[in-house]
Amino acid sequence: MMVVLAAVLYVAPSLRAAEPPRLAVVIVVDQCRADYLDRFRPWFVADGFRRLLERGVVFTEARHRHALTATAPGHATIATGVHASVHGIIANEWFDATTGSRIPSVEDPAAPLVGAVAAATPLPAALGDTETSGSPHRLLATTIGDQLKLRHGAQARVIALSNKDRAAIFLGGRLADGAYWLRTGRVVTSRYYRETLPAWVEEYNATDPINRRFGATWDQLLDAAIYDAVQGPDQAAGEESRHGLGTTFPRRIDGGEATLGREFHNAYRLDPHGSAVLGQLAQRAIAAEQLGRDATPDLLCLGFSQLDYCGHSFGPDSHEIMDSVLRLDRALAELFQFLDREIGPEHFVAVLTADHGVAPLPERVQAFTRDVTAGRLDFATLTHDVEAALAAAFGAPPGVATWTIRDSYGFRLLPATLAAGGVDAPAARQVIKDALQRSPQVAFAWTREEVLGAVPASGPYLDAWRLSYHAGRSQDVVFSPRPYIVDRRPAGSNHGTPNDYDNHVPLLWYGAGLAPAVRREPVGTDAIAPTLAQLLGAPRPPEALAASLF
Ligand SMILES: [Zn+2]
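None of the values given here were measured: they were computed from a predicted structure.

1. Here we look at the overall build of the protein
Turning to step 1, where the next piece is worked out: Within the protein one finds 21 helices and 21 strands.
Turning to step 2, where the next piece is worked out: Across its three principal axes, the protein shows a C-alpha extent of roughly 70 × 70 × 50 Å.
Turning to step 3, where the next piece is worked out: Across the 550 residues that make up the protein, the buried fraction comes to 59%.
Turning to step 4, where the next piece is worked out: Put simply, of all contacts in the protein between residues at least 6 apart along the chain, 73% involve residues at least 24 apart.
Turning to step 5, where the next piece is worked out: Between the mean site of the 51 positive side-chain charges and the mean site of the 61 negative ones, the protein shows a separation of 2 Å.

2. Description of the coordination of the zinc ion
Turning to step 1, where the next piece is worked out: The zinc ion binds to the protein through Asp308 (OD), Asp308 (OD), His312 (NE2) and His495 (NE2), with metal-donor distances spanning 2.1 to 2.6 Å.
Turning to step 2, where the next piece is worked out: The site at the zinc ion holds 4 donor atoms, and with the angles between them running 54 to 157 degrees, its shape is irregular.
Turning to step 3, where the next piece is worked out: Mapping the donors of the zinc ion onto the primary sequence gives the spacing D-x3-H-x182-H. With Asp308 in helix 12 (residues 306–314) and His495 in the loop between strand 18 (485–486) and helix 20 (500–503), this residue pair connects regions lying 187 residues apart in the sequence. Both residues of the pair, Asp308 and His495, count as buried.

3. Regarding the pattern of salt bridges
Turning to step 1, where the next piece is worked out: With the rule as written, the count across this model stands at 34 salt bridges.
Turning to step 2, where the next piece is worked out: Through salt bridges that share partners, Arg33, Asp35, Arg39, Asp317 and Arg364 make up one connected network.

4. Considering the sheet that holds strand 14 (residues 404–406)
Turning to step 1, where the next piece is worked out: Within the open sheet, the 4 strands sit side by side as 14-15-17-16. Their pairing is antiparallel. The open sheet has two edge strands, strand 14 and strand 16 (442–447), and neither has a second partner. For this sheet the average axis-to-axis angle between neighbouring strands, irrespective of direction, equals 20 degrees.
Turning to step 2, where the next piece is worked out: Of the pairings in the sheet, the one linking strand 14 to strand 15 (residues 410–413) comprises 3 bridges and is antiparallel in character. Residue pairing for strand 15: Arg406 is matched across the bridge by Phe411.

5. Focus: helix 4 (residues 71–80)
Turning to step 1, where the next piece is worked out: Burial of helix 4 is extensive: 10 of the 10 residues sit out of reach of the surface.
Turning to step 2, where the next piece is worked out: All of the buried residues along helix 4 are Thr71, Ala72, Pro73, Gly74, His75, Ala76, Thr77, Ile78, Ala79 and Thr80.
Turning to step 3, where the next piece is worked out: Buried-residue contacts for helix 4 involve strand 1 (23–29), helix 5 (84–87), helix 6 (144–152), helix 7 (165–172), strand 12 (348–354) and helix 21 (528–536).

6. Structural notes on the side chain of Glu263
Turning to step 1, where the next piece is worked out: Looking at the element boundaries, Glu263 is found in helix 10 (residues 262–268).
Turning to step 2, where the next piece is worked out: Nearest to the buried, unbridged Glu263 among oppositely charged side chains is Arg262, at 4.7 Å.

7. A word on the layout of surface pockets
Turning to step 1, where the next piece is worked out: For the second largest pocket, the calculated volume is near 310 Å³.
Turning to step 2, where the next piece is worked out: Elements with a contribution of two residues or more to the lining of the second largest pocket: helix 2 (34–39), strand 2 (57–63), helix 20 and strand 19 (504–511).
Turning to step 3, where the next piece is worked out: Counting residues per element, the lining of the second largest pocket draws most heavily on strand 19, which supplies 5 residues.
Turning to step 4, where the next piece is worked out: Of the residues contributing to the lining of the second largest pocket, the split by class is 11 nonpolar, 2 polar and 5 charged.

8. Thoughts on the packing of helix 4 against helix 7
Turning to step 1, where the next piece is worked out: Helix 7 packs onto helix 4 with a crossing angle of 25 degrees between their chain directions and a minimal axis gap of 8 Å. The pairing of helix 4 with helix 7 is recorded here as roughly parallel in orientation. Relative to helix 7, helix 4 is oriented so that their crossing is right-handed. For the pair helix 4 and helix 7, contact is made by Thr71, Ala72, His75, Ala76, Ile78 and Ala79 and by Arg166, Ala167, Phe170 and Leu171, respectively.
Turning to step 2, where the next piece is worked out: When grouped by side-chain class, the residues that make up the contact of helix 4 with helix 7 number 7 nonpolar, 2 polar and 1 charged.

Conventions and cut-offs
- Residues numbered from 1 in each chain as written.
- Predicted model: local features only at pLDDT ≥ 70, side-chain atom pairs only at ≥ 80, totals over all residues.
- Heavy atoms only, no water.
- Helix = DSSP H or I, 4+ residues; strand = E, 2+ residues; numbered from the N terminus.
- Buried < 20%, exposed > 50% of the residue type's maximum accessible area, 1.4 Å probe, protein only.
- Contact = heavy atoms within 4.5 Å.
- Lys, Arg positive; Asp, Glu negative; His and termini not counted.
- Charge placed at Lys NZ, Arg CZ, Asp CG, Glu CD.
- Donors = N, O, S within 2.8 Å, 3.2 Å for Na, K, Ca; no water.
- Tetrahedral: all angles 85-135°; square planar, octahedral: opposite > 155°, others 65-115°.
- Salt bridge = Lys/Arg side-chain N within 4 Å of Asp/Glu carboxyl O.
- Pairing = 2+ DSSP bridges.
- Axes fitted to C-alpha atoms, helices over the stretch in contact; angles between N-to-C directions.
- 1 Å grid on protein atoms, 1.4 Å probe; cavity = no way out; pocket = protein on both sides within 12 Å on 5 of 7 lines; lining within 4 Å.
- Points joined across faces, edges and corners; volume = space filled by probe spheres on them.
- Nonpolar A, V, L, I, M, F, W, Y, C, P; charged D, E, K, R; others polar.
- Parallel < 35°, antiparallel > 145°, perpendicular 65-115°, else oblique.
- Left-handed = near helix turned anticlockwise from the far one by under 90°.

This is how it looks when you write it as structure tokens:
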């Protein structure tokens, strides 16, 4: 009996180090498609992505299982191991149909920003990040960082850093010791976490790395011919020219203006310099917050967001995206070398993934194929068709302008209009669904009753929408556009669908006790938090269902 037990104990920990890692580094690259790592691999340096690809565990078939593949839901799922159906972050922002007001997922008037410059340089709403406050108060599930804090209290340190507020906030969770993000040239946090910036952040802000980038040139890291061979020509149909950046290399990072202002800050978000800044900030956090210095595991969450801004303007097949990935690779290499020196390779684990991918520019799809319908989503026509169908079924909306408010890939019925018209909500939802499904741009639409299982339903995208749908927050009818129908006008690209280009992401694990391997079985990003719990010896997020990957 003792012999058998000893044999079991000998085999079971074979993938584990003798002691749990002292630091886990969770790296989420915003809008990083799985195929980027294959496509650009020949030009990676030894210690960046290549270290993970060659010396780590590579999952080639990792996907977000939810339908609405966007930044806030994606980061929340990675951190919690559950989907919007449980964590409640259905989108980056949504609408309250009763008041008509916009609800940014991280906005929290009780948690104003700390360390931001005065609102002298406000950012346009079209690019997001307009929030003057931020907290995880709308996040309804616990993160892996929360689980570490629940297990170890103050002994475990949890720090989240990102170029974007919603990435840092949702990766960190409710109990994070700190979450920091970039806003108009500064590293900031909010009063949810602290009253003032810590000294190490103030010191970094004093070096003013972002504003000092004003007027610098962004040119290609490698010879342009390499980019031509991999991505095609720099100038491509459908690329978006904004913030003085144009559509070709080289470009000056100045917002197209003579002085440092709002347009510089908008341009800067597309500049891969932002990845270098986040990497430097991560190194300062590790040193100042004493991460990974003792046997109690700490967690550092990093959200690299620059690829997302860049991909929205130039698409996945651009020179700009290739250059951004190569420069991120160099920033990661410096970070891993720093971790080797400061923590020791035997004491940390890292996982790298993405919150979502991105669609190709529809103009590129149109140029290459004859049989695929590609184009730009026409929300004006969709909304008109939905309103016309409701008016045909129930009459003109009584006393108000519309029956609905369009909200992301969905529509909400206005409660006051329904009540005034004496219209039954399920009947109205069916009318909206039928109108959407008549559109050649819509793959499938689902009513609330269908998603929640109140009426029988089956078909494409339904399982994914059930994961994206929160009963208390989601729309009356949801839908997904057909493949290669892109929600951005008049140029650029987008994500947000359950199509492969949006939901297929890298998933790479590296570190102490993990033998190099390539694993080809399909896995969900909801397995990341349970796997981290397993590796760190922390309790699993209680509502997470996926099995640990190791
Ligand atoms: Zn995006």
